Amino acid sequence: MKALNKILMILGALFFCACVEDEPVPPPEMGESPVKINEAYSNGGRSTYGALDWVELYNTSDVAVDISGYVMYDKTDKSEKVVVPAGTTLAAHGFAVFEVDIDGGFGLGSGGDMVYLDDAGGKLIDQIEFGALTPEQSYARNPDGSETFKIQTPTPGTSNSGAVALPSVTNVSHSPASPTSDEAVTVTATVSAGEGSLTSVKVQWTVNSTAQTDLTMANSGDVYTATIPKQAANADVAYSVTAINSLGGTTSVSGSYTVRDATVVDYTGLVINEIDGNGKYIELYNSSAAAISLTGVKLVKNESGTWWTGGAVNIAAGGRYTIAQNGESPSGADEQTGSAGISPKQNLKFELKSPDDLVLDSLIRTNGGNWGDGVTPDYGSGTKYSYSRCPDGSGAFGLAVPSCGAPNPSMPAGPILTNGSAVNYGDLVINEIDGNGKFIEIFNKGTAAVSLQNVVLRKNESAVWWTGGAVNIAAGGYYAIAQTGQSPAGASEQTGASGISPKKTVKFEMLIGNMFIDGFARVKADGVLDADCTPDYGSGTKYSFSRCPDGTGAFGLAVPSCGAANPASSAGEIATN
């Protein structure tokens, strides 16, 4: 009764630790039954062993048992469950298989899960816990009804006894993830015998569907590796890590990759051009003068999941390439291979990354909450806007009528707002820039605190000068960022990059991701940035460039006031003569 002992220990701990209104929560009442959870299968629809996930029950006794009203579930709150129909009897030493991934039921995670079984009176009579399983594996009591569990070939509705325990093959990966034609690839896996001993662990692989000679994997402990040699650009490589144990059990886990051309690719001009949470697509744009290969380029959603990886296609100079979610077919899309999860009403972050994982571009819409949390306004109601660069490639993100595969407007219909109760980024402004004291001051002209998480100050249209952390700026408050190594009185932090000058042309933009919030520019007619400019406001009276009055006034000259109010009117215009 190892499984029941385990659950009793856990529930006993909960009994002493949990409370509701100062009263301890009693553990669920334990029941007794000869019926056991005998086998679980978690890869429904991915092999010949079942269209849905299933659980097998087994009667260990010599008499039939009425199992009407028995309940199976995988969460202790029983919010999703499968109830055995009335009139169901399980014969002596008989098996019964129940599909659980049904309406109102529960799916079993292929990466591991738990299954609980209650009798008709709601008493817990059995539970099991298992780890990752492939489509060719189940987790089973072997022999039937025993306390010995094996990962084995599924045997739904028949005896597990005598079935061969299969090797475990997990953590299969290859490196580099997106190799070039100059790079060999190392395949790595964690392998154990399951039962008996391992007799063979190898990589079976193909190049453009042509079988190659198997590679024997070397090991250090239970970690096995093998190296696939360099392949030509655009080659499609598929591989399987196959392990065999001394009882004849075999497990295979597959992977694949496409080889990139080793020629250095300049991704500088590649940007996210449009994201539409209604039409469910993302459009890329090439603002450079040469075609760019998309092989291995990635779109990463909310800092974790890869939403899309590019194949062997090019995006022409000045061209667009649009990826729709799988199952969606907006007019103008080039492929429908993206994952799910683009939303017009949630905190959202998308990063465009090179095959080497360098961030090329990003869009962030956040009110400071968790990714996926709801945020207002909902751009899926009313006019259904997309988030678009206006104009294509170079403009900041704003709202626009969706234009999948076609030009965006030159001007947006408005800014992308996050004006829920927590945040309104439209209330943030660059309030003061001081090339002598080396600081930039942000002011909140609104009536509510604003999170500075992911707010960015960008210098001269390219370099990130500062990125905000988990701090708030109070309503009517100031937040001053000094250059690293500088410590002007009134500064909130000293983490800015270098480059604020009182005598050069300069441009600063404040963004959330690439959504423009506010900006300042001191430029000459030629538009060249970081160029010498007169007058030099570092000599004579050392003025800063300040909004006068705070928040709403135009930029002018003022005596520096780090972290404090600017004057109501400036000492004069900022000249570039």
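Bear in mind the structure is a predicted one, so any value in this text is a computation, not a measurement.

Further remarks concern the state of the cysteines. Per the stated rule, a full pass over the model turns up zero disulfides. With no disulfide of its own, Cys533 has Cys548 as its nearest cysteine by sulfur position, at a separation of 19 Å. No disulfide involves Cys562; its sulfur sits 15 Å from that of Cys548, the nearest cysteine. Taking the relative accessible area as the measure of exposure, Cys562 reaches 13% and is therefore buried.

This brings us to the packing of aromatic side chains. The tally for this structure, following the rule as stated, stands at 17 aromatic pairs. An angle of 85° between the planes, with centres 6.0 Å apart, marks the rings of Tyr379 and Tyr387 as edge-to-face. Exposure class is identical for Tyr379 and Tyr387. Each is buried. Taking 5.8 Å as the distance between ring centres and 85° as the angle between the ring planes, the aromatic pair formed by Trp465 and Phe508 counts as edge-to-face. With Trp465 in strand β39 (residues 463–467) and Phe508 in strand β43 (residues 506–512), the pair connects residues that are 43 residues apart, well separated along the chain. In terms of burial, Trp465 and Phe508 fall into one category: buried. Taken together, Phe520, Tyr537, Tyr543, Phe545 and Phe555 form an aromatic cluster joined through their ring pairs.

Take the sheet that holds strand β31 (residues 348–353) next. With antiparallel pairing, the four strands of this open sheet are ordered in space as β27-β26-β31-β32. Lying at the two open borders of the sheet, with one neighbouring strand each, are β27 (305–309) and β32 (359–365). Across the sheet, the mean angle separating the axes of adjacent strands is 20° when strand polarity is ignored. Relative to β32, β31 runs antiparallel, the two sharing six bridges. Of the residues in β32, the one forming a bridge with Leu348 is Arg365.

As a further point, take the pattern of salt bridges. Under the criterion given, the structure shown has 16 salt bridges. The salt bridge partner of Lys75 is Asp74, with a shortest N-O separation of 3.6 Å. Measuring nitrogen to oxygen at the nearest pair gives 2.5 Å for the salt bridge that ties Asp118 to Lys78. Of the two residues, Asp118 sits in strand β10 (residues 113–118) while Lys78 sits in the loop between β6 (71–73) and β7 (81–83), which places them 40 residues apart along the sequence. You can call Lys78 partly exposed: its relative accessible area is 30%. Overlapping salt bridges bring together Asp74, Lys75 and Glu80 as one network.

Time to look at the sheet that holds strand β19 (residues 218–220). Strand order in this open sheet of four strands is β14-β15-β20-β19, and the pairing throughout is antiparallel. Only two strands of the sheet have a single neighbouring strand rather than two, namely β14 (168–175) and β19. Neighbour to neighbour, the strand axes of the sheet diverge by 25° on average, direction disregarded. Sheet analysis places strand β15 (residues 185–192) next to strand β20 (residues 223–228), joined by six bridges and oriented antiparallel. Residue pairing for β20: Thr188 is matched across the bridge by Thr225.

Tracing the backbone through its elements, the reader meets Val456 in strand β38 (residues 455–459). Given a relative accessible area of 12%, Val456 falls into the buried group. Along the backbone, Val456 and Phe516 are 60 residues apart, and their C-alpha atoms lie at a distance of 9.6 Å.

Core analysis: the biggest nonpolar cluster contains 26 residues, and Leu428, Leu457 and Trp466 have the highest contact counts within it. At the level of secondary structure, the elements contributing two or more residues to this core comprise β35 (428–434), β36 (439–444), β38, β39, β41 (478–483), β43 and β44 (515–522). Those residues in contact with Trp466 that sit more than four places away from it in its chain are Ile442, Leu452, Val455, Val456, Leu457, Tyr479, Ile481, Glu493 and Thr495. By size, the runner-up hydrophobic cluster in this structure holds 25 residues, among which are Trp307, Trp308, Leu348 and Phe397.

The alternating pattern of strand β9 (residues 95–99) places Ala96 and Phe98 on a buried face, while none of Phe95, Val97 and Glu99, on the opposite face, is buried. Across five bridges, strand β4 (residues 54–59) lies against β9 in antiparallel orientation. Across the sheet, residue Tyr58 finds its bridge partner in β9, namely Phe95.

This next bit is on the side chain of Thr88. Relative to the elements of secondary structure, Thr88 occurs in the loop between β7 and β8 (89–90). Among the polar contacts made by the side chain of Thr88, one reaches the main-chain carbonyl oxygen of Pro85 at a distance of 2.7 Å. Residues within four places of Thr88 in sequence aside, it is in contact with Val65, Asp66, Ile67 and Ser68.

Inspection of the secondary structure assignment puts Gly50 in the loop between β3 (35–41) and β4. For Gly50, the contacting residues outside a window of four places in its chain are Tyr41, Gly44 and Gly45.

Rules of the game
- Residues numbered from 1 in each chain as written.
- Predicted model: local features only at pLDDT ≥ 70, side-chain atom pairs only at ≥ 80, totals over all residues.
- Heavy atoms only, no water.
- Disulfide = S-S within 2.5 Å.
- Buried < 20%, exposed > 50% of the residue type's maximum accessible area, 1.4 Å probe, protein only.
- Phe/Tyr/Trp six-rings, centres within 6.5 Å; stacked < 30°, edge-to-face > 60°.
- Helix = DSSP H or I, 4+ residues; strand = E, 2+ residues; numbered from the N terminus.
- Pairing = 2+ DSSP bridges.
- Axes fitted to C-alpha atoms, helices over the stretch in contact; angles between N-to-C directions.
- Salt bridge = Lys/Arg side-chain N within 4 Å of Asp/Glu carboxyl O.
- Core = buried A, V, L, I, M, F, W, Y, C linked by side-chain atoms within 4.5 Å.
- Contact = heavy atoms within 4.5 Å.
- Polar contact = N/O pair within 3.5 Å; in protein donor to acceptor, adjacent residues only side chain to side chain.

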